[in-house]
Amino acid sequence: QVQLVESGGGLVQAGGSLRLSCAASGIIFGSNDMAWYRQAPGKQRELVASITSGGSTNYADSVKGRLIISRDNAKNSVYLQMNNLKPEETAVYYCRAYGPRRVGGILRSWGQGTQVTVSA
């Protein structure tokens, strides 16, 4: 069974920082591309940042220079360091994996999400 468990969300003032974590199980983590998405109330889910199995990163234009995605294959975890947060970044943040499972097959998986609230 594939599980992605996010943590680290919370309430922060504008300009503050948070670090999100996503712990994965049931996948061959080092072979999975990982990403963080977010969904604000009434809006579509959007890609925030991604990191390939090889370590290449990609960011939404709105977060470049402030948010940093990283991974630790030894810990089966992906992280999102968020700096200088803005109120409009209040959303539920989701971890996503895409790649091989331990039981075989390729799967796109999602975590349950973690709430980030940025107060003005």
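Residues numbered from 1 in each chain as written. Predicted model: local features only at pLDDT ≥ 70, side-chain atom pairs only at ≥ 80, totals over all residues. Heavy atoms only, no water.

**Topic: the state of the cysteines**
And then number 1: The full count for this structure, using the stated rule, is one disulfide.
And then number 2: C22 shares a disulfide with C95; S-S distance 2.1 Å. Here C22 and C95 share a disulfide; its torsion about the S-S bond, -80°, makes the bridge left-handed. With C22 in strand β3 (residues 18–25) and C95 in strand β9 (residues 91–100), the pair connects residues that are 73 residues apart, well separated along the chain.
And then number 3: Overall, C22 belongs to the buried group, its relative accessible area being 1%.
And then number 4: Relative accessible area serves as the criterion here: at 0%, C95 is assigned to the buried category. (Disulfide = S-S within 2.5 Å. Helix = DSSP H or I, 4+ residues; strand = E, 2+ residues; numbered from the N terminus. Buried < 20%, exposed > 50% of the residue type's maximum accessible area, 1.4 Å probe, protein only.)

**So, the nonpolar core**
And then number 1: In this structure, W36, V78, L80, M82 and Y93 are the most contacted members of the largest nonpolar core, which totals 28 residues.
And then number 2: Of all the elements in the fold, those that place two or more residues in this core are β3, β4 (33–39), β5 (46–51), β7 (67–72), β8 (77–82), β9 and β11 (114–119). (Core = buried A, V, L, I, M, F, W, Y, C linked by side-chain atoms within 4.5 Å.)

**Structural notes on the pattern of salt bridges**
And then number 1: If you walk through the whole model with that rule in mind, you get four salt bridges.
And then number 2: Across the pair E89 and R66 runs a salt bridge whose closest N-O atoms are separated by 2.7 Å. Here the residue E89 occupies a position in the loop between β8 and β9, and R66 occupies one in the loop between β6 (57–59) and β7, the gap between them amounting to 23 residues. Across the pair, R66 and E89 agree in class, each one buried.
And then number 3: Residues joined in a network through salt bridges with shared partners are R38, E46, R66 and E89. (Salt bridge = Lys/Arg side-chain N within 4 Å of Asp/Glu carboxyl O.)

**Some words on the sheet that holds β7**
And then number 1: Spatially, β1-β3-β8-β7 is the arrangement adopted by the four strands of the open sheet, whose pairing is antiparallel. Pairing within the sheet leaves two strands with one partner each, and these edge strands are β1 (3–7) and β7. Strand after strand, the sheet turns through a mean of 15° between neighbouring axes, direction not considered.
And then number 2: Sheet topology note: the β7/β8 ladder contains six bridges and is antiparallel. In the sheet register, S70 faces β8, and the bridge partner there is Y79. (Pairing = 2+ DSSP bridges. Axes fitted to C-alpha atoms, helices over the stretch in contact; angles between N-to-C directions.)

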